[in-house]
2 protein chains.
Amino acid sequence: MALIVQKYGGTSVGSLDRIRNVAARVKHARDEGNQVVAVVSAMSGITDKLIGMAHELTQEPSERELDVLLATGEQQSIALVSMALQELGVDAASVTGRQAGIQTTGTHTRGRIMQLEPKLMQGYLDAGKTLVVAGFQGITADGMIHTLGRGGSDLTAIAVAAALKADICQILTDVDGVYTCDPRVVQNARKLPEISYDEMLEMASSGSKVMQSRSVEFAKKFGVVFEVRSSLNDNPGTIVTQEHPNMEDVVIRGVSIERSQARITITGIPDEPGMSGKILGALADAEINIDMIVSNIAHDGFARHSFTMHANDLGKAQAALKPILSDLAPDSAIQTEAGIAKLSAVGIGMRSHSGVASTMFKALGENGINIGMISTSEIKIAVTVDEAQIEDAARAVHDAFHLDKAPA
Amino acid sequence: MALIVQKYGGTSVGSLDRIRNVAARVKHARDEGNQVVAVVSAMSGITDKLIGMAHELTQEPSERELDVLLATGEQQSIALVSMALQELGVDAASVTGRQAGIQTTGTHTRGRIMQLEPKLMQGYLDAGKTLVVAGFQGITADGMIHTLGRGGSDLTAIAVAAALKADICQILTDVDGVYTCDPRVVQNARKLPEISYDEMLEMASSGSKVMQSRSVEFAKKFGVVFEVRSSLNDNPGTIVTQEHPNMEDVVIRGVSIERSQARITITGIPDEPGMSGKILGALADAEINIDMIVSNIAHDGFARHSFTMHANDLGKAQAALKPILSDLAPDSAIQTEAGIAKLSAVGIGMRSHSGVASTMFKALGENGINIGMISTSEIKIAVTVDEAQIEDAARAVHDAFHLDKAPA
């Protein structure tokens, strides 16, 4: 008898019919002889509706009260899914974040899970019950209701799986799994049977939004093997797990793309220690997420920094840079470029294979695609290209590494 | 500086505009120099909507899960009312039933308050906060979410007022207070400035549905003086309090009526000990609330019992009686009568004044109203009359005791 944790997102429980469908799936896993813990999100639309009400009452709702308000969405889901299971004859019990023993820390609306005390859940499982746990929520040490922010239900599922030492954790979603590239862009993209945590993290941070990075990081930290699979069919999905030697046989696991990027280049920065930190600090203070960073010394002896960000942040970034640059670098100038996109090739095989960058750059060159910035990590090569060319670029790199074919 | 507990029902928080109105009222009390604790219900309609969803999923929803589902209604209200208060510049904090320290016992959906540990609330009050507490809910000793059933938010308000030693507890509702009779029936009915707990209990159990009896009983037990008043205006309402000697000067405090009653009379019951207990026990097992009970011995030497109930329960009562009567009282027969109503005259002054019953019966007789059953308690005389005559009866008794005029 295996213990399975299944996570169902807001779309999967978005109507009473879908809730019945979730109940049927849970029952099916149960009928196959497993213990099942379902982690569910709020019915899709509810959270937005509640946030809308809050904003009608006040421009800046208190985050403490937003947590109290939003946590009701998942609480409704667990009760309704439990009832649907009971209607199918399954002995089900709902479990709120507090009852699941999920203790959190951090600011309201962006909680982090500190620990999980599964005593109540374990008792219920021992008594033969099927559990329906509220995703996205926990409770602070002083008893306040706390939500976990974006991707919070995934995080709950991973944490519950870790605490209960589950055999499998299934993240059931509206995609079939993790693909070698977005199938809407690269038609012969292939579903990966397996991917390592680190590859998944690089894919996620490079635009493959199957899951938030922090859930993957949490799973890696606690060694929770999980599977991303569809809530609409029974196809096997993608197992996300610790890397093992066989994985390195594949040079590139996948290619991910991120659109709507913009670049800022600052020239004429005095080549002095601490300058970069001050400039990036100003952007961090303005809550702008910087992605790629390239720096060097120009022929004029001044430093130049380039970095990318979401295009929406371009204006805010320029405004944040202006005062600090006029103060620290009176000779500096800012150039900006929007309409670019990022392409990343990701694979732990890169560590033991050479020539990856040259294969990639050659493929792009042969297809007439100009490369802007380049940045690399141990398991990723990322480049910026003109946004109009990103799909061609993705297909070229996907082909160059033969990602449409399963490795031998 | 007084500590005021205010209870707002579902209609009072039934829309975002009404929530703003509640916030303005709370702020007003606060601006007058008081500490304020608002106890709120779910927005009207929400509870019914949630129950509807539950019943779409399953015919008999688990009461444990219903509690989890329904408690979200009040949790949403406290967050929204707190936000509306914050928008007005009031330092408000929401408090769930659990956070209010409301510990309950009893079956799910019909919880009883066992104790209230107000540590968190007291700390917030000491810090100058205005509190918004979820009505209708608490938590069991083992951490389960528990709702308090009908009138639960009133109960919460009374319990919070008792635990915090509040100076005033205001039950804000859609009526102005407690009247000498229903003003829709008796046009010159008068709002009572004051009524004793016991009178309020007799009025409530006789159809004046301003509040559920158990909230009044709870207030009596813990000596919580409360005021029933309108949430729509600033008129003083009715103070419900312990009786004091002056109250006895008034013979009758009020007249209440209850429609849609039915009577069952059983004749031919052997006059043996324990028979009544067995018959009433069968009705209790069938969850039928019996109201008036009249028993005596007929000229044939057999006992006869008559009792009243809501007309809706008549069929269920007959079905419950049939097997036990054929077993215990083979010579018995059942007569039934629907289309009757109950009129009660209530007042603690009855204890020290004689002639109350004769005044009442004379008034009814002079108006051509025939009396069916009669039952009395120390502070109440109740009669059944034909339902078509109940309004005439109420006016006749109201006039006979000059209830339209304030006592000297």
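A. Spotlight on the sheet that holds strand β12 (residues 238-241) of chain B. Residue and element names in this part refer to chain B. Strand order in the open sheet made by the eight strands is β3-β6-β2-β1-β9-β11-β12-β10, with mixed pairing throughout. Because the sheet does not close on itself, it has two edges, and the strands there are β3 (92-95) and β10 (194-196). Adjacent strand axes in the sheet meet at a mean angle of 20 degrees when their direction is disregarded. The pairing of β3 with strand β6 (residues 130-134) spans four bridges and is parallel. In the sheet register, A92 faces β6, and the bridge partner there is T130. Against the sheet, helix α6 (residues 197-205) contacts β10 and β12, and its axis sits at roughly 85 degrees relative to β10.

B. Focus on the interface of chain B and chain A. Chain B puts 26 residues into the contact, and the matching count from chain A is 26 residues. Of all the secondary structure elements, the ones that give two or more residues to the side of chain B that touches chain A are α1 (16-31), α2 (46-57) and α3 (63-87) of chain B. Residue contributions to the side of chain B that touches chain A peak at 14 residues, all from α3(B). Here the side of chain B that touches chain A is built from residues that sort into 13 nonpolar, 10 polar and three charged.

C. Focus on the nonpolar core. The biggest cluster of nonpolar side chains holds 254 residues, and the ones touching the most others in it are A:A38, A:V81, A:V160, B:A38, B:V81 and B:V160. Ignoring any residue separated from it by four or fewer positions in sequence, one finds A:A38 in contact with A:Q6, A:Y8, A:V22, A:V26, A:V81, A:L131, A:V132 and A:V133.

D. Molecular detail of the domain arrangement of chain A. What the domain assignment reports for chain A is domain 1 (3-174) and domain 2 (255-400). Here the C-alpha centroids of domain 1 of chain A and domain 2 of chain A sit 38 Å apart.

E. Region of interest: the relation of the copies chain B and chain A. Of the transformation superimposing chain B on chain A, the axial component is 0.1 Å and the angular component is 179 degrees, with the fit at an RMSD of 0.2 Å. Read as a symmetry element, the transformation amounts to a two-fold axis. Proximity to the rotation axis, assessed at the C-alpha, singles out B:T72 in chain B; its C-alpha lies 2.7 Å from the axis. A shared interface surface links the copies, since 100% of the contact residues of chain B are contact residues in chain A too.

F. Looking closely at the pairing of strand β15 (residues 303-310) of chain A. Residue and element names in this part refer to chain A. Sheet analysis places strand β13 (residues 254-269) next to β15, joined by seven bridges and oriented antiparallel. By the bridge assignment, Q261 is partnered in β15 with H310. Taking the residues between adjacent antiparallel strands as the criterion, strand β14 (residues 293-297) and β15 are bridged by five residues, where G301 takes a positive phi near 90 degrees.

G. How the structure looks around unusual backbone geometry. Positive phi, normally seen in glycine, also occurs at A:S260, with a value near 55 degrees. You can see A:S260 is positioned in strand β13. Look at B:T109: it is not a glycine, yet its phi comes out positive at around 70 degrees. Here B:T109 shows up in the loop between β4 (102-105) and β5 (112-116). C-beta crowding within 10 Å serves as the criterion here: with 18 such atoms nearby, B:T109 is assigned to the partly exposed category.

H. Highlighting the sheet that holds strand β13 (residues 254-269) of chain B. Residues and elements named next belong to chain B. Spatially, the six strands line up as an open sheet ordered β14-β15-β13-β16-β18-β17, and their pairing is antiparallel. A single partner strand is all that each edge strand has here, and the edge strands are β14 (293-297) and β17 (374-377). Between one strand axis and the next, the sheet turns by 30 degrees as a mean value, whatever way the strands run. Summarising the sheet, β14 and strand β15 (residues 303-310) pair through five bridges and their orientation is antiparallel. Bridge pairing in β15 links I293 to F307. Its contacts with the sheet put α6 on β13, β16 (333-346), β17 and β18 (380-386), and the angle it makes with β16 is roughly 145 degrees.

Conventions used here
- Residues numbered from 1 in each chain as written.
- Chains lettered and ligands numbered in written order.
- Predicted model: local features only at pLDDT ≥ 70, side-chain atom pairs only at ≥ 80, totals over all residues.
- Pairing = 2+ DSSP bridges.
- Helix = DSSP H or I, 4+ residues; strand = E, 2+ residues; numbered from the N terminus.
- Axes fitted to C-alpha atoms, helices over the stretch in contact; angles between N-to-C directions.
- Contact = placed C-beta atoms within 7 Å.
- Nonpolar A, V, L, I, M, F, W, Y, C, P; charged D, E, K, R; others polar.
- Core = buried A, V, L, I, M, F, W, Y, C linked by C-beta atoms within 7 Å.
- Buried ≥ 20, exposed ≤ 12 C-beta atoms within 10 Å, placed from the backbone.
- Domains from an automatic or database assignment.
- Least-squares fit on C-alpha atoms with pLDDT ≥ 70 in both.

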